[in-house]
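The residues making up each chain are set out below.
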Amino acid sequence: MRKTPLDHLLDWSGRILLAVILGFVLLPFCVVAIASFNDSAILNFPPKSWSLRWYANVFEYRDFAEGLVNSLKIAAFGAVIALIAGAGFAYVLNRYEFSLKGVLNGILMSPLVIPNFTIGLGLLILSAAASLPRSMWLVVTVHVIIVMPFVVRSVYVSLQNFERRYEQAAESLGAGPGHVLVTITLPLLTPGLISGGLFAAILSFNEFTASLFVVNQRTQTLPVAMYNYVREYADPTLAAVSVIYVLVVAAMLLIVHKFFRLEKVLNVD
Amino acid sequence: MSTEPAARDHPAVQIDGVSKSFSGAVALEPVWLKIRRGEFLTLLGPSGCGKTTLLNLIAGFLEADRGELFINRDLVTQVPPHQREIGIVFQNYALFPHMNVAQNVAYGLRTRKVPKAEAEQRVREALALVKLEDFADRRPRQLSGGQQQRVALARALVIRPRVLLLDEPFSALDRNLRTAMQVELKEIQSRLGLTTVFVTHDQGEALSMSDRIAVMSRGRIRQIGSPTEIYDQPQNEFVSTFVGDANLFDARLVGVDGARASLTVGGTPVMLDTYQDALPAPGPVTLFVRPEHCTLAQAGAPGAIPASVALSVYQGSYAELHLDCPSAGGADRRVMLRVPSRQALPPGTAVAIALPASGPAIYAKQTTKATA
Amino acid sequence: MSKRPFLGWFAAPSVLIAFGIAASFLAIVQYSLRAHVPGSLEPGGFTLDNFTTLWKLVYGQAFVNTVMLCVWTALFTLLIGYPLAYAMIRAKSASLRSAILLISLTPLFLGEIVRTYSWMIVLGNRGFVNATLMQLGLIDRPISFMFTKMGVVIALVHFTLPIVVVMLAAALSHIDRNLERAATSLGAGRIRVFLTVTLPLSIPGIVAATSTAFAWTFSAFATPQMIGGGQVQTISTLVYQVGFASFNFPLAASLSLLGLLFTIAVLALFNTGIRKLERIGAH
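Here's what I pulled together on the structure shown here. (Residues numbered from 1 in each chain as written. Chains lettered and ligands numbered in written order. Predicted model: local features only at pLDDT ≥ 70, side-chain atom pairs only at ≥ 80, totals over all residues.)

Along chain C, the regular secondary structure elements total 13 helices and zero strands. Taken from the N to the C terminus, the helices and strands of chain C come in the order α-α-α-α-α-α-α-α-α-α-α-α-α. On the principal axes, the C-alpha backbone points of chain C span a range of 80 × 75 × 35 Å. (Helix = DSSP H or I, 4+ residues; strand = E, 2+ residues; numbered from the N terminus.)

As structure tokens, then:
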């Protein structure tokens, strides 16, 4: 097919537009990465001199280290609980009809619509009303509620694509329901479960708004610690934290991608 | 597989009035069926006829709404699939992708807690039976379609099932392989004397492999019998058209005398011997004749039905003659018959069709054509 | 035989969590109907005062602000998200497709704080954009992005872009390419094919993406809080302020409740829109 001048114009303007949009997407992180190596405490572009001292500062500021440990703990517990509860619910949702199924599903999916600040406020009020301490478990509960819809969705999709014949073949060979679950269903769903769990962990690691409502000084997560830092100091330490933060998340993402192609998780393949 | 002599007297599978609906839609009308020990029984019918539903009921993947099901005299209606001791081969084989061939075959032995040494021995034997001894360590996706099917068969046979169920097992194979696998399966089945229920929509497969065929449509068994009975003596219009080709003639039933029926076809009087259990009342009827039972006659021959050649299709050793015939049933008023290719005739030739003295089926004329 | 193995065991944890969600929702409803006792965290008796207070100008203004931010953000996100999704779906090489997808998703995985902080550095008076423009001599004085709606919208567009791109890409990938080929064979040029075939067929995806962008923007907190710096008050920032600056949890609860009802109303509206569109598409 011969290309007309108009086709060439469209091709080139499309490419330029694409480059500009991708630049817009990547710009903030590139700028923050440059800023993190800026020697001066006041931001300048381009930086006049370079230094790693803000990275050193990150490790001296205790809140970040504690926040990171809290965040990792909360993300790990939150993801595991959300995975167990979410996978169980997705299985039940996929396999059985029972009364109140719709109601249960509606409640569990509602965090997709309810703003995070409302969820945070709700659990804060609830724990205050029940005189529960603002412990780490309160934060974990909030995170489980927020990430569970994503886990349910991803496991449910895996179950829908699951070939029921495998289970029937196993049954015909004498395997009871529990044996089928352990030897056939779970092994075949493992990639989906692992990626769903890691996805939940990343979402939990990133959660900020609802956490802000329910944490205290002792349980604050890394994003909350970072937020509090920005409110008090204006130096580029936070730029350095951001770079480290992004590297941690990128590592988690790469693991997900290894197990399960992202295109598949997001249904755009 | 019990070997007590008395066991030979009762059916391997007995289905007593089993029926099934899905959310109000009837998938299977009440069915009564006895499958004999060692028999190869085929459930044949178009998609949606209820054959797969019946198979799933026998396997226990579905629960019957009504009726009882026995395997070797044991009532199994309420027994879950994993306690029924049936072997099943699925259309896509459903080999466990996370296990190798040997593990797949050993699966049913592990669930039965068969001792390790014995299990290994039986897996080896089963793989030898399907000629796959050298493939024990392969993963299912590393095998060809035919090899996958053999693994599925070995996996089903190794547990020594009371009944073997085959759910369209050949439909994923290409034509040549399909024929080879049919022969192989049939050999293994008769050597082991295995009671087998085979589900297919392919009449060729059904006719070549079965001891008996149950032709199904719309949730009912329309006829059950040996392949010859089904092909040569169909009892109703559905079986006549679904199994094999049929030429239809508009006719009028004048009278019946014992097994002899007198009719007129487009004004031509015809006498026929009939095998049917029941004949329709005198009046307009449709005559079903297999193409190979129709012969060409001279135009104007007595008892022959006039027609003219519309088209001749060369098929190698024979030719198909498509004839325009005013007495033919069906919308296009065509009749097809096969002649040796050197006897093919040019279009426009006036001919006549001679009907066989016995064989044609006579059914009451229906306003709408019977479908699945 | 047990007809429904595992049903109880598998559903139990999720039932527990559902109870937690329902209880916290009821807690909000209950607090929204209680009086605020200044200086105490314990609420007072039942009253409707919170909702009458919400009619006050400052709260109304927060609602208007929030809705305007939602509208602008959705609009601009669509404008830059659509070409991105289109380029991704139509990219000839798989690696280019993966690259576009991965880059589009980065904002999602940066986390609210990193993303917002980065935009503060980009948009600040001494930030990247102003420094660059001044060095190029294009402006004499810095443009104010910080503490303005424009700055907040820019950062929010960046925030909602990933989900919009993913939803548009899903919609575009389900359009049968043969429809476009058919239009081309009938003599339509590329622009006409896009305007008469591709764009109309992707409208359900556009509506769905818009509603999600709307919901995300509505619940955004860190971005308006940090970039708006108190000058751009939204429902989320107000809830936080009322709750943690004046410890008036009953008022915060009633504000949240109204916000939630508003979100549900807007999403319901979008949903009916999508259903109508699907019905048209079906015929």
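What follows deals with the nonpolar core. Within the largest apolar cluster, 147 residues are counted, with the highest numbers of intra-cluster contacts made by A82 and M148 of chain A together with I121 of chain C. Among the elements that line this core, the one with the most residues is helix α7 (residues 149-173) of chain C, at 16 residues. The contact partners of I121 of chain C, leaving out residues within four places of it in the chain, are V31, V32, A35, L43 and A239 of chain A together with G127 and F128 of chain C. (Core = buried A, V, L, I, M, F, W, Y, C linked by C-beta atoms within 7 Å. Buried ≥ 20, exposed ≤ 12 C-beta atoms within 10 Å, placed from the backbone. Contact = placed C-beta atoms within 7 Å.)

For the rest of this paragraph, the subject is the packing of helix α6 (residues 136-160) of chain A against helix α8 (residues 177-206) of chain A. Residues and elements named next belong to chain A. Put simply, α6 and α8 touch, their axes get as near as 9 Å, and they point 155 degrees apart. Accordingly, the angle class assigned to the pair α6 and α8 is roughly antiparallel. The handedness of the crossing between α6 and α8 comes out as right-handed. Contacts between α6 and α8 pair H143, V147, F150, V151, S154, V155 and S158 from the former with L189, G192, L193, G196, F199, A200, L203 and S204 from the latter. Looking at the contact of α6 with α8 residue by residue, the class counts come to nine nonpolar, six polar and no charged. (Axes fitted to C-alpha atoms, helices over the stretch in contact; angles between N-to-C directions. Parallel < 35°, antiparallel > 145°, perpendicular 65-115°, else oblique. Left-handed = near helix turned anticlockwise from the far one by under 90°. Nonpolar A, V, L, I, M, F, W, Y, C, P; charged D, E, K, R; others polar.)

Before going further, it helps to examine the interface of chain A and chain C. On the side of chain C, 72 residues touch chain A, which itself brings 68 residues to the contact. Considering only residue class, the side of chain A that touches chain C consists of 54 nonpolar, 12 polar and two charged.

Residues and elements named next belong to chain B. Counted residue by residue, strand β7 (residues 163-167) has five buried out of five residues, so it is predominantly covered. Where burial is concerned, the two faces of β7 agree: the one with V163, L165 and D167 and the one with L164 and L166 are both buried. Where strand β6 (residues 86-89) meets β7, four bridges bridge the pair, whose relative direction is parallel. Note that in β7 the partner of G87 across the bridge is L164. Of the strand pairs in this sheet, β7 and strand β8 (residues 196-200) are connected by four bridges, and their pairing is parallel. Looking across to β8, one finds that L165 is bridged to V197. For the segment spanning β7, helix α5 (residues 175-192) and β8, crossover handedness is right-handed. (Pairing = 2+ DSSP bridges. Right-handed = clockwise from strand over helix to strand, strands pointing away.)

So, on to the pairing of strand β3 (residues 40-44) of chain B. Residues and elements named next belong to chain B. In terms of burial, β3 is a largely internal element, five of the five residues being buried. Alternating residues of β3 divide into F40, T42 and L44 and L41 and L43, and every residue in both groups is buried. Here β3 runs beside β8; their pairing, made up of five bridges, is parallel. Its bridge partner lying in β8, L43 is registered against V199. As paired elements, β3 and strand β9 (residues 212-217) share four bridges and run parallel to each other. Bridge pairing links L44 to V215 in β9.

Keep in mind these numbers describe shape, not what the thing actually does.
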